[in-house]
Every structure is written in C-alpha cells, then in structure tokens.
Protein chains: 2
Amino acid sequence: MSLRVFHDGALVPGELVTLAAPEHHYLARVRRASAGDVVELLDGRAHAARATIATLDARRAVLRVGELSSIPEPPPLELWLALCDVDACLAAITMACELGVTAITWVRSAHAQARPPAPARVQRVVRAAMRQCGRPRPPEISGPVALEPLLADAAPAGGVIACQRHVQQSAAGPRVARLLVGPEGGFTDDEVQRCLSHGMHACSLGPWTLRAPTAVAAGLAWLRAQP
Amino acid sequence: MSLRVFHDGALVPGELVTLAAPEHHYLARVRRASAGDVVELLDGRAHAARATIATLDARRAVLRVGELSSIPEPPPLELWLALCDVDACLAAITMACELGVTAITWVRSAHAQARPPAPARVQRVVRAAMRQCGRPRPPEISGPVALEPLLADAAPAGGVIACQRHVQQSAAGPRVARLLVGPEGGFTDDEVQRCLSHGMHACSLGPWTLRAPTAVAAGLAWLRAQP
C-alpha cells in the first residue's frame, strides 16, 4: 500500500476523519485518488491504520478509518549529526528516516554551521520521508548540543564515528547503535580524539571524502551490518 | 588539498597547462583562488598531480604541473542500477562515486524508466563528485542492458541485490562486490527469483522502502562491511 496520508488526530476504527488541506491536495491532485480507494492513514506520531476514501471532491477528503496496523517498536538507532548546510542536513534526515533512525541530535562542532534547518522545514522533510518509505513513527529530533557535553552525558558510551576525513577501521564493534557524522569541514583531530576517548570507534567507509548525506546512509548501513 | 580542477590532457611534471573555460571559471569565480595557490589537477581519466597556479586573471588560468600523485588501483566494486527517474539516477551516481564504485551498468527491468540520463549530464555529475570527494578515476558507465542477459553474461555469478521492497537477510556473504538496486517500483517477484537463481543474495537494509540513492549508499556500505 503506497498511498499514504497524514491526519493529526486520533485514529479510531469505524470513525470518519476529514483531512487537512495539504493532505486533501496530495490525495486529490498529486495522487489523483478516488472515493473507494484504500490508503494508509498515519497520525504522524506512531500509529497507522488502513482507511477507505469515503468522499473526495474539490472541497474535502473524508476517510473512514479501518483496522489499526500493528507497528513493532523499532530498535534504538541514534544519529548525531553535526550541523551542515541546510540542504545536506535535510538530505541526511531523509535518508536517516528511511534507514530507521529513531533519534537525531544536532551537534555543534568546530567546523559546524551555526544552526539547524527551521523546525517546520525539518517536519515537512520527515513527513515526506515517512510518506515515501512507509514508516509511521518519526525520529525524535533534539539539539543542537555541543559535542563535548553530548559525549559526557551519553550513557552507555560507545557508537561509531563516520567522519568524512578520518577514515579508520574500527577494531571492536560498537556497543550501541549510534552514528556520529561530521560537518562539511570534518571534525578536528582534537574532536576525533575526544570521541575515541569516550568509547566511540571509527568506521571505514572508503578512501574518499564523503558528503554528509552519503556518510549518514553508508554509516547506518555499516552499523546494521555489524554482528 | 580540497581545491581540484580538471584538465583534459596529459599531465607532464614541469609543463604549463591552460585550463578550459569552465575550470577557469570555477577556480577564479567560484573558489576565488590566486596565483601561487596549490591545487590538485585531475585529468578526468585516472591521473592526478599537484599543480601551482602560475597565472590567474579574467582571461585565463595557467597552471604549472608538479609531482604526479600515486593513485592505488581501487578494488572492483560494481553497481547495477535499474533505470530510475533522472534525479534519482544522478543522486545515486554521486553517492556511488564517493563510495568507490568502479563500474556502473544501467539496467532495464519491468518497472524501470525508459532511458538513462543524458551522457553529458552524467559526466557533469561524475566530475562534480570526483572534484568533491578527491577521486581521480571515474567509474566506467555502460548500458542500458536488460536484466536477464546481464545476469547470464556476468561471470563470476554472485553479488547482492538491494531491492527496496524485497528485504531479506542473506545467509551467505557475496562472492563478488556487485550491488543491484531496483527502480522506483521495485523488482517483480519473478525478477528477484531470477537474480537469486543466478547466485545473487538479498541484503537487509531495514524494514522500510528505500529510494534508489539511499539503497545505493546503504547497499555499498553493507557490502564493504562484509568480511
């Protein structure tokens, strides 16, 4: 079922819900759906349900909520993402969503940008990714936090650092599924040393300098492939 | 050294080369370089050299070629990419370049698009990726080829299929470093069966439907992480 729409409210089987304007537009104009079509309805927080389009005209879209989907709780998978330029941040978030990241923390570091993308823009990108990949629960997004206190507060220590310029093979596997990706200018040698001294490992993603979105996707897959 | 320019000709230490107009523009206007700056000069095929800017004005950029870089031959890493929409193809090529793919073959399949991006556009994207990631040798790009003869002709058989909708854990590791990624609509069950019967394995990249660029980056990293 690849037709997915959002409704920011409770999903109660048997009840009718009226979609907000952007979702109405998506269903009627972008996807050209029709009354009777079955869609997946997401509440944007954690839940999903099958739903049938009861009414779809130029003014409104009304759906009847069907059976709630059973959504397994995903295993924790954290991304610490140093602040990159806005487009790179948004592309990285999209990929992190698709690859099952459950929590994203914006990180300040020596070469990081000053601020993350606007929350409204982040939410649009997350929802687009959820709509595309079928994931009902968005990642939690927090920060920005400076690298040093983040490392100090994180428990248990561990994780993997995929900094684009510091390519080293990790000897031991990571103890927690946590990926740290650097900004465009990479981490400083000092920052890398602090990460390593806090129990993080470096993972090898090849000899070339990766952009942040590529490092995010490749680093997450690398983590997943660890025994 | 992150300032890289292309010169489509022989790189002979000690000689002067005059850059073509787009490279002159990049050096003078985009990067605002100056005479005396040291850059990395790529011939766009396989070679790289240090070079010093001898003259840089509004009309031309002349560089003196220095020491040739020693470029290790990369291990073979093949990507078979089913034809997706143009933007997805180009994003996938960029990531494949960064992650060290040595050969890309466009693949026709049941749900694939009709044709690949124009060769000139592909070359621009490949060069941009090489400039960004520092890789001196571009991947070889061929096809499009239909999936069935490609499977039949490939020797040795093996590889990994990362089709966005057919997520299965491979029992055995891949014998060759070859990744097959499907089009937006995924592969048909029949296509997947043919791949598996030709010795390919399916790799697990998570429960959600991946876009092609994400599948490419994650699949390549997954391959790299195999023992």
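Residues numbered from 1 in each chain as written. Chains lettered and ligands numbered in written order. Predicted model: local features only at pLDDT ≥ 70, side-chain atom pairs only at ≥ 80, totals over all residues. Heavy atoms only, no water.

## Quick notes on the overall build of chain A
For clarity, the threshold we go by: Numbered from the N terminus, helices here are DSSP runs of H or I no shorter than four residues, and strands are runs of E no shorter than two. Think of it in three bands: with a 1.4 Å probe and only protein chains considered, a residue is buried below 20% of the maximum accessible area for its type, exposed above 50%, and partly exposed in between. Only heavy atoms enter the contact rule, under which two residues are in contact if any of them lie within 4.5 Å. Computed with a 1.4 Å probe, the accessible areas rest on the Shrake-Rupley method; for each residue, only the protein chains presented here act as cover.
In terms of helices and strands, chain A carries 6 helices and 11 strands. By residue count, 52% of the 227 residues in chain A fall in the buried class. A separation threshold of at least 6 residues defines the contact pool for chain A, and within that pool the share at least 24 residues apart is 70%. Per element, the accessible surface of chain A, about 10100 Å² overall, is 52% carbon and sulfur.

## Description of the sheet that holds strand 4 (residues 48-56) of chain A
Residues and elements named next belong to chain A. As a reminder of what qualifies: Only strands joined by at least two bridges in the DSSP assignment are considered to pair. Every axis in this analysis is a line fitted to C-alpha atoms, fitted for helices over the stretch in contact. Angles between the N-to-C directions lie between 0 and 180 degrees.
The sheet built from 5 strands is open, its strands ordered 1-3-4-5-2 with mixed pairing. Looking at strand neighbours, the two that pair on one side only are strand 1 (4-6) and strand 2 (16-18), the edges of this open sheet. Recorded for the sheet is a direction-independent mean angle of 45° between the axes of neighbouring strands. Relative to strand 3 (residues 38-42), strand 1 is paired through 3 bridges, and the arrangement is parallel. Each residue of the ladder has a partner; that of Val5, found in strand 3, is Leu41. Each of strand 1, strand 3, strand 4 and strand 5 (61-68) touches helix 1 (residues 21-30); the most contacted strand, strand 1, lies at about 160° to it.

## Remarks on the nonpolar core
This is how it is decided: The set of buried Ala, Val, Leu, Ile, Met, Phe, Trp, Tyr and Cys residues whose side-chain atoms join them within 4.5 Å is what this entry labels a nonpolar core.
Of all hydrophobic cores here, the largest spans 81 residues; its most connected members are Leu79 of chain A together with Leu79 of chain B. In contact with Leu79 of chain A, not counting residues within four places along its chain, are Ala96, Val101, Ala103, Ile104, Thr105, Leu179, Val181 and Val216 of chain A.

## Details of the pattern of salt bridges
Rule in force here: Definition used for salt bridges: Asp or Glu carboxyl oxygen within 4 Å of a side-chain nitrogen of Lys or Arg.
Taken as a whole and judged by the stated rule, the model has 18 salt bridges over all chains. Arg211 of chain A serves as the salt-bridge partner of Glu98 of chain B, at 2.7 Å between the closest nitrogen and oxygen. Highlighted residues: Glu98 of chain B in helix 2 (residues 86-98) and Arg211 of chain A in the loop between strand 11 (201-202) and helix 6 (212-225), drawn from two different chains. In this structure, Asp87 of chain B and Arg121 of chain B form a salt bridge, with 3.9 Å as the shortest nitrogen-oxygen distance. One end of the pair, Asp87 of chain B, is in helix 2; the other, Arg121 of chain B, is in helix 3 (residues 119-133), with 34 residues separating them in the sequence. For Asp87 of chain B, a relative accessible area of 55% gives the class exposed. Taking relative accessible area as the criterion, Arg121 of chain B reaches 36% and is therefore assigned partly exposed. Taken together, the shared-partner salt bridges connect Glu148, Asp190 and Arg194 of chain A into one network.

## What about the packing of aromatic side chains?
Centre-to-centre distance and the angle between the planes together describe a pair of aromatic rings. Counted only if it meets this: Stacked, tilted and edge-to-face are the three classes assigned to paired rings of Phe, Tyr and Trp, where Trp is represented by its six-membered ring and a pair needs centres within 6.5 Å; plane angles under 30 degrees give stacked, over 60 edge-to-face, the rest tilted. In this scheme, the term charge over a ring applies when either NZ of a lysine or CZ of an arginine sits within 6 Å of the ring centre and within 35 degrees of the ring normal.
Tallied over the entire structure, the rule returns 0 aromatic pairs over all chains. The positively charged end of Arg127 of chain B is found above the aromatic ring belonging to Phe6 of chain B, 4.5 Å away from the centroid.

## With respect to the interface of chain B and chain A
Here is the rule we go by: As a working definition, buried area equals the accessible area (1.4 Å probe) given up by two parts on being put together, with both sides summed. As used in this structure description, the phrase polar contact means that two N or O atoms lie within 3.5 Å; if the pair is within protein, one of them must be able to donate a hydrogen and the other to accept it, and residues adjacent in sequence are counted only when both atoms belong to side chains. Under the convention adopted here, Pro, Cys and the residues Ala, Val, Leu, Ile, Met, Phe, Trp and Tyr are nonpolar, Asp, Glu, Lys and Arg are charged, and Gly plus all remaining residues are polar.
At the junction of the two partners, chain B supplies 29 residues and chain A supplies 29 residues. Of the roughly 2300 Å² buried between chain B and chain A, counting both surfaces, carbon and sulfur atoms make up 63%. Summed over the three residues of chain B that lose the most area to chain A, namely Glu98, Trp208 and Arg211 of chain B, the buried surface amounts to 26% of that side. For the pair chain B and chain A, the number of links is 8 residue pairs in polar contact (both at pLDDT 80 or more). Among the elements of the structure, helix 2, helix 3 and helix 6 (212-225) of chain B are those that each provide at least two residues to the side of chain B that touches chain A. Looking at which element gives the most residues to the side of chain B that touches chain A, the answer is helix 6 of chain B, with 8 residues. Partitioned by chemical class, the residues of the side of chain B that touches chain A number 14 nonpolar, 10 polar and 5 charged.

## Side note on the confidence of the model for chain A
Residue and element names in this part refer to chain A. Short version of the rule: Known as pLDDT, the predictor's confidence for each residue is given on a scale from 0 to 100.
Looking at chain A, the pLDDT average stands at 86 and 89% of residues meet or exceed 70. Looking across chain A, the model is least confident in strand 9 (residues 160-162), with a mean pLDDT of 65, and most confident in strand 2, with 97. Of the regions scoring below 50 in pLDDT, residues 164-174 engages in 38 contacts with residues more than four places distant in sequence or in other chains. Confidence metrics for the complex model read pTM 0.86 and ipTM 0.84.

## Focus on the sheet that holds strand 5 (residues 61-68) of chain B
Residues and elements named next belong to chain B. Pairing within the open sheet is mixed, and its 5 strands lie in the order 1-3-4-5-2. Looking at strand neighbours, the two that pair on one side only are strand 1 (4-6) and strand 2 (16-18), the edges of this open sheet. Across the sheet, the mean angle from the axis of one strand to that of its neighbour is 45°, orientation sign disregarded. Summarising the sheet, strand 2 and strand 5 pair through 3 bridges and their orientation is antiparallel. Of the residues in strand 5, the one forming a bridge with Thr18 is Val62. Where helix 1 (residues 21-30) meets the sheet, it contacts strand 1, strand 3 (38-42), strand 4 (48-56) and strand 5, and its direction lies at approximately 160° from that of strand 1.

## Some details on the relation of the copies chain B and chain A
Note the cut-off: Copy-to-copy superposition: least squares on the C-alpha atoms, limited to residues that have pLDDT of at least 70 in both copies.
Superposing chain B onto chain A requires a rotation of 180° together with a translation of 0.0 Å along the rotation axis, leaving an RMSD of 0.0 Å. Given the turn and translation reported, the copies of this chain are related as if by a two-fold rotation axis. By C-alpha distance to the rotation axis, the residue of chain B lying nearest is Ala218 of chain B, at 2.4 Å. Comparing interface residues between copies, 100% of those in chain B also lie at the interface in chain A; the contact surface is shared.

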